Amino acid sequence: MIPAAFEYDRATSVEEALGLLRTHGADAKLIAGGQSLLPLMKLRLARPDRLIDIGRIEALKGIRRLDDGRLAVGSLTTYADLIASPEIKYGLFRDALPTIADVQVRNRGTIGGAIAHADPASDMPALLLALDAELVCRSAHRGQRTIAATEFFEGPFTTVLDPDELLIEIRLPAPSQHHGSAYRMLEQPASGFAIAGVAAVIGQTEAATGDTFDDIRIAVTGVGDHPYRAAAVEAALVGTPVDAPSIAAAVGAVCEGVEVMGDIHADREYRAAMAVVMAQRALEGARARLT
Amino acid sequence: MATELVGTPVKRVEDRRLITGKGRYLDDIAMPGMVHMAIVRSPYAHANIKSVDTSIARSMPGVVDVLTGADVPYNPLPMAWPAGGSAGIQNNVNTPRALATDSVKWQGEGVAAVVAETAEQAADAAEAIIVDWEPLPAVVDAEAATKPGAPQLHENAPNNVVFEWSVGDKDGTAEAVKGAEVVVKQRLVNQRLIPNPMETRGDIGLYNPGTDEYTIWMSSQTPHIQRLLLAAFVMGVPEHKIRCISPDVGGAFGTKIFCYADYVLVLLASKRLNGRPVKWVESRRENYQATIHGRDHITYLEVAGKRDGTVDAIRVKTYANLGGRLSTIGPGIPTTLYARVLSGCYRIPNVYAEVVGVYTNTAFVDAYRGAGRPEATYVVERAMDLFADEIGMDKAEVRRRNFIPPDQFPYENPSGLGTASGGAKIYIDSGNYEPALDKALAAAGYGDVAAAKADAKARGKLLGIGLSSYIEVCGVAPSKWIGAVGEGWGAAMWESANIKVHLTGKVVVTAGTQPQGQGHETTYAQVVADELGVPMDDVVVQHSDTQGTPFGYGSYGSRTSSVGMTAAIKAAGKIREKARRYAAHMLEASVDDIEVEGAEYRVKGSPDKKKTLQEIAFALDLAFDAPEGMEPYLDETSYHDTPNCTWPFGTHIAIVEIDEATGVVDLKRYVAVDDVGKKINPMIVNGQLHGGIAQGVGQGEDGSLLSGSMLDYAVPRAEWLPTFELDETVTPSPVNPLGVKGVGEAGAIASTAAVANAVNDALAPLGIRHLDMPLTAPRVWKAIQDARAGSSNGHGNGKEAKA
Ligand SMILES: Cc1cc2nc3c(=O)[nH]c(=O)nc-3n(C[C@H](O)[C@H](O)[C@H](O)COP(=O)(O)OP(=O)(O)OC[C@H]3O[C@@H](n4cnc5c(N)ncnc54)[C@H](O)[C@@H]3O)c2cc1C
């Protein structure tokens, strides 16, 4: 379990990191907490020529509330930081964060690393998709851009980030008025990653009528080759009271249009069935949390 | 004895060192000039080696040597325990060479080794070795491997059969099955496990060109045996020219009993490098590929009996997967240690077991915590449940009716323990099984289970309760039995201990056993402190180095307390006797008049005339005044060969809830009532039970063959386990002065069957009769789906195909 040889640079500022990325491009890999990258390197499944360590760039750490009520979470914010932050009030975060990995990994693993790595079974992407997060990225050659979470994940371990692009921060919209959220996942017992994980947000905007909900967001991880929004379930639930019958009628479509993965831990049939169960439980959980 | 430490939960003396990071494990050892070895392993499960090109690796930075199979002048590794029995069974033996020369039989078999200045350089150069492989078809399933058309692994093993062995009365059992009121049949799979000690294996070889001597530091349970095997069987080096040292060993569970290729390689490499120390530390991935695995049985079971609950016969045919080549005692596990205790704690008059040892393209299989006995317990405990279900009788009641009654001991079971060849008769010497069952039933609330099931059902959960009444063969073993050709491994199994009382009165115990985390430094000290009447702080326990400890067969088979500590008690007795003689001399009394209490040696009737052990040791060490014929110094060694094994028993009960929607099995409660005889240290006993139960539960609930790392191989975690509810009955073993039986394996032996029975109990209302391990969520879920769809798919009915 010894990685292949590599060069190492430590960036002390965002500018320095961007400069190093421009110089070394695809030969280099950013390293934040190292919790995904180092295991791959030790198994020699990843062999970057160079690591650019961004782990000590203070500007990328921490959580701020923006003037418009949104939260801006620096890409180097760790799971432990998120758990400790009073700003993180979403129920789905409270469900997910304490069950991700273990204390050591949560102390080192960053939110930026989790989504840039884009493991098709990791938890954070589903949470950000369900929250309609936006991702602020920057590179030396194309400057800063903001990408919707729904546009970010392309395939297994693949995102729209350019090789020289740095994820700066994650922006989380303020919740709608009357809302609730939950995350439910069935874990693969060895790794703790999701066999199927579903994040659900239900809410009412100004336009909502009576007891019905019009803001429904359901994101699924572990099931397809990248996390996705279950649009068919969302559509089926908009305008309903999201009660047991309407949930039961809607969740069957959670894998619609998705090629479900199968592996030694869960074949396609089981995984698809678990996506349905987790969707149902997440929606029930979100409903039970309505504020 | 005055101090009475035995029986108390003394804190473990090794823990300050081990918990504060001051332990010294293999990888903590560094030496001047040390180089590092990496082993190149086969990526194929089965392949011929056409050529090995080492030229690029040799020219890489830091590389000091490269070895291939052709460079190893030694014999293949030894296999010490062929399947025996009365009939002179043929064993088609193939063992690994230190490095494979012509072909590889499993993924992970070593083909070359690289030695470099740093471990990083060795790893890099290992990648640069080019092997020209000719991949061959592979087979991994033991039953399939014996069928026509299966890939053949070895020329001398047609149909991949290592041996065909049987035990018990074939005709009598056939009669009993034929005439029985009820016969239940079931195919049972006891899946392969990866033992996963926290510390992987590793070794450092050091050759001294000045003396022609070899020293090896090895993470091993058996340094003395390894010296013997390396010297006499593999390397042809005189035994006194090899020294084996086990530093702190971070868990072993059986995996570190055996003779491994890397021992040979580090010693050979050090010799080729004119005495540079060569270190090899196993990665977790290599541990999964190239250290032994456990279990892996396919068993066809028939259990026959009467509707009144009497079980009259058990007949099994078991395919035991032994891997691509044989490990050191691989064939002994599914034969002697499995089939001979198949009837467990039950008085089943007819038992017949056929065992086929099989080569497959998998890592070798050998003793893992419990070794054979968990496999036997799984079979007989599933048999009891299946039989109870068939006749509609309560599962506890069926067990109760078939227990060997307390007045039947000593009991010779029908699978040949009593009739084993060789001089010794092994019999179950003691037991009282019902009280343990009753205690466990009461603790688990067995009577209220129907209500608990209804309550669970209302929450969408299926609740199940599973019993496992087990016995264990511990304290292995009388040499006459285990050494008998055709039964055991052709070598003895006594233990040894030496005790020295130094001039200052401090006591040094050296033992031939070898701890791997069990706390022997504490328990030996408790025993010897009591025997000599000194404080525990005055006793130090040393072990693990063939230089400086008496020969011992090592620690496994829960034998250290029963066999090893009896040797220590004997040695302490000799110390007391000599101290008494010297006290008589000092006090000018006759030896017969000296009475000993604790550390005090007094003249009977004159309590003021006395000497302490410390005073005696001081005088006898200086020896200014020793009487004629008395040698100076208190220094005594004893060897102990046990007259019989020990027979722990108990009942474990698991209560599980299954989430019907996901198939996830949640272990809600775990009750264990164990009878391990007297306890030297109850806290250590509980620790051993906890660990054993966790490992056994882990097998019931999980495990996978395609798993190369902990990312894919589920090791049980504390958070999945309930608080274990432990209780005891105490039936002292009659074979040793402490009355102890051994506890290292009990938890692992009982718990797998308890969990499997509980899950099957939970699934029974759906019409599912038997679901095999591993009881993973997808497997349980699929069984539930199939049952609901009305298709039994092999789960639901008992009319399984027979072997
Ligand atoms: C034992 C263990 C258990 C785990 N269990 C879980 C689990 O249950 N659920 C789960 O979801 N995850 C789990 N994980 C994964 C863990 O969540 C991630 O490893 C971690 O969050 C990644 O963050 P990091 O900072 O360590 O990333 P790194 O390993 O440093 O980087 C990961 C990837 O992201 C890139 N990267 C990092 N930061 C940036 C950035 N700012 N901009 C652009 N690219 C960047 C790196 O180049 C690299 O390719 C587990 C990991 C371990 C080791």
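Not measured: the values here are computed from a predicted model.

*Asks:* Summarise the overall build of chain B; cite the residues concerned and give the values.
*Replies:* The helix and strand inventory of chain B stands at 19 helices and 26 strands. Taking 28 Å as the expected radius of gyration for a compact globule of 803 residues, we find that chain B reaches 28 Å, a close match to that expectation. Considered along the principal axes of its C-alpha atoms, chain B spans approximately 90 × 75 × 50 Å. Relative to its full complement of 803 residues, chain B shows a buried share of 64%. Within chain B, contacts between residues separated by at least 24 positions form 81% of all contacts whose residues are at least 6 apart in sequence. In the form shown here, chain B has an accessible surface area of approximately 27700 Å², with 51% of it arising from carbon and sulfur atoms. Of the charged side chains in chain B, 76 are positive and 96 negative, and the gap between their average positions amounts to 2 Å.

*Asks:* Would you mind going over the environment of E109(B) in detail, with residue names and values included?
*Replies:* Residues and elements named next belong to chain B. On the secondary structure map, E109 appears in the loop between β4 (103-104) and β5 (110-116). For E109, a relative accessible area of 2% gives the class buried. Remark: the alpha-carbon pair of E109 and L503, spanning 394 residues in sequence, is separated by 52 Å. Non-local contacts of E109, meaning those with residues more than four positions away in its chain, are made with V40, R41, S42, A100, S103, V104 and R325. A distance of 2.5 Å separates the side chain of E109 from the side chain of R325, its partner in a polar contact.

*Asks:* Describe the site of the ligand, with residues and values.
*Replies:* Residue and element names in this part refer to chain A. The environment of the ligand is made up of 29 residues, and the closest members are L30, G33, S36, Y79 and T110. Separating an oxygen atom of the ligand from a backbone N or O atom of G33 is a distance of 2.7 Å. Measuring from an oxygen atom of the ligand, one finds a side-chain N or O atom of T110 at 2.6 Å. Here the ligand loses 90% of its free accessible area of 970 Å² to cover by the protein chains. Those elements that provide at least two residues to the shell around the ligand are β2 (28-31), α6 (111-117) and β10 (166-172). At four residues, the largest contribution of residues to the shell around the ligand is made by α6. Its residues placed into classes, the shell around the ligand shows 15 nonpolar, 11 polar and three charged.

*Asks:* Residues and numbers for the interface of chain A and chain B, please.
*Replies:* Often, the extent of an interface is quoted as the loss of accessible area on bringing the components together. Residue-level contacts link 22 residues of chain A with 26 residues of chain B. At the boundary of chain A and chain B, one finds five salt bridges. E187(A) is the salt-bridge partner of R717(B), the closest N and O atoms lying 3.9 Å from each other. There are nine residue pairs in polar contact (both at pLDDT 80 or more) connecting chain A and chain B.

*Asks:* Could you give an account of unusual backbone geometry, with specific residues and numbers?
*Replies:* All names here are of chain B. Going from V476 to A477, the amide bond is cis rather than trans, its omega being -5°. As for its placement among the helices and strands, A477 is situated in the loop between β16 (461-471) and α13 (479-482). Along the chain, M773 connects to P774 via a cis peptide bond; the corresponding omega equals -5°. Of note, P774 is situated in the loop between α18 (746-763) and α19 (777-788). If you check the backbone angles, D296 has positive phi at about 65° while not being a glycine. Relative to the helices and strands, D296 resides in strand β13 (residues 294-305). Phi at Y633 takes a positive value of approximately 80°, unusual for a residue other than glycine. Here Y633 lies in the loop between α16 (613-622) and β23 (634-640).

*Asks:* If you had to explain the sheet that holds β16(B) to someone new, which residues and values would you point to?
*Replies:* All names here are of chain B. Within the open sheet, the four strands sit side by side as β16-β24-β25-β26. Their pairing is mixed. Whereas interior strands pair on both sides, the edge strands pair on one side only; in this sheet they are β16 and β26 (724-728). Across the sheet, the mean angle separating the axes of adjacent strands is 15° when strand polarity is ignored. Two strands pair when backbone bridges link them, and β16 and strand β24 (residues 649-659) are joined in this way by 11 bridges, in the antiparallel orientation. Paired with I471 across the strands is F649, a residue of β24.

*Asks:* Talk me through the side chain of T215(B); I want residue IDs and the actual numbers.
*Replies:* Considering the arrangement of structural elements, one finds T215(B) in strand β10 (residues 213-218). Those residues in contact with T215(B) that lie beyond four places of it in its chain are I204(B), G205(B), L206(B), R243(B), I245(B) and L267(B).

*Asks:* How would you summarise the packing of aromatic side chains if you had to cite specific residues and measurements?
*Replies:* All names here are of chain B. Applying the stated criterion to the full structure yields 18 aromatic pairs over all chains. Here the aromatic residues Y346, F403, F409, Y433 and F649 are joined through ring pairs into a cluster of three or more. Taking the ring centre of Y260 as reference, the NZ or CZ of R201 above it sits at 3.5 Å.

*Asks:* Describe the domain arrangement of chain A, naming the residues involved and giving the relevant values.
*Replies:* All names here are of chain A. Taken as a whole, chain A is organised into domain 1 (61-172) and domain 2 (179-288). Taking only C-alpha atoms, the centre of domain 1 and the centre of domain 2 are 20 Å apart. Each partner contributes residues to the interface: domain 1 has 22 residues there, and domain 2 has 22 residues. Looking only at domain 1, the three residues that lose the most surface to domain 2 are P120, A121 and A130, adding up to 26% of its buried area. Its salt-bridge partner being D95, residue R184 comes within 3.1 Å of it at the nearest N-O pair.

*Asks:* I'd like to hear about the environment of I658(B), residue by residue, with values.
*Replies:* All names here are of chain B. Topologically, I658 is positioned in strand β24. Sequence separation between I658 and L763 is 105 residues; the distance between their C-alpha atoms is 8.5 Å. Setting aside residues up to four positions removed in sequence, I658 forms contacts with G460, K461, L462, G663, V664, V665, V759, A762, L763, V780 and I784.

*Asks:* If you had to explain the packing of helix α11 (residues 268-288) of chain A against α19(B) to someone new, which residues and values would you point to?
*Replies:* The contact between α11(A) and α19(B) brings their axes to 11 Å, and the two run at 85°. Classed by the angle they form, the pair α11(A) and α19(B) counts as roughly perpendicular. The residues of α19(B) that touch α11(A), namely those facing E269(A), Y270(A), A273(A) and M274(A), are A777(B), P778(B), W781(B) and K782(B). Residues that form the contact of α11(A) with α19(B) fall into these classes: six nonpolar, no polar and two charged.

*Asks:* Could you give an account of helix α5 (residues 170-178) of chain B, with specific residues and numbers?
*Replies:* All names here are of chain B. For α5, every residue scored as buried is listed here: G172, T173, A176 and V177. Projected onto a plane normal to the axis of α5, the buried residues spread over an arc of 135° and lie on a single side. Opposite the buried face of α5, by more than 90 degrees, sit the exposed residues K170, D171, E175 and K178. The backbone nitrogen of D171 has a side-chain oxygen 3.3 Å away, supplied by the residue at the start of α5, namely D169.

Here is what the cut-offs are and how they apply
Residues numbered from 1 in each chain as written. Chains lettered and ligands numbered in written order. Predicted model: local features only at pLDDT ≥ 70, side-chain atom pairs only at ≥ 80, totals over all residues. Heavy atoms only, no water. Helix = DSSP H or I, 4+ residues; strand = E, 2+ residues; numbered from the N terminus. Rg over C-alpha atoms; globule rule 2.2 N^0.38 Å. Buried < 20%, exposed > 50% of the residue type's maximum accessible area, 1.4 Å probe, protein only. Contact = heavy atoms within 4.5 Å. Areas by Shrake-Rupley, 256 points an atom, 1.4 Å probe, with all protein chains shown as cover. Lys, Arg positive; Asp, Glu negative; His and termini not counted. Charge placed at Lys NZ, Arg CZ, Asp CG, Glu CD. Polar contact = N/O pair within 3.5 Å; in protein donor to acceptor, adjacent residues only side chain to side chain. Near = heavy atom within 4 Å. Nonpolar A, V, L, I, M, F, W, Y, C, P; charged D, E, K, R; others polar. Salt bridge = Lys/Arg side-chain N within 4 Å of Asp/Glu carboxyl O. Pairing = 2+ DSSP bridges. Axes fitted to C-alpha atoms, helices over the stretch in contact; angles between N-to-C directions. Phe/Tyr/Trp six-rings, centres within 6.5 Å; stacked < 30°, edge-to-face > 60°. Lys NZ or Arg CZ within 6 Å of the ring centre and 35° of its normal. Domains from an automatic or database assignment. Buried area = accessible area lost by both parts, 1.4 Å probe. Parallel < 35°, antiparallel > 145°, perpendicular 65-115°, else oblique. Arc of directions from axis to C-beta.

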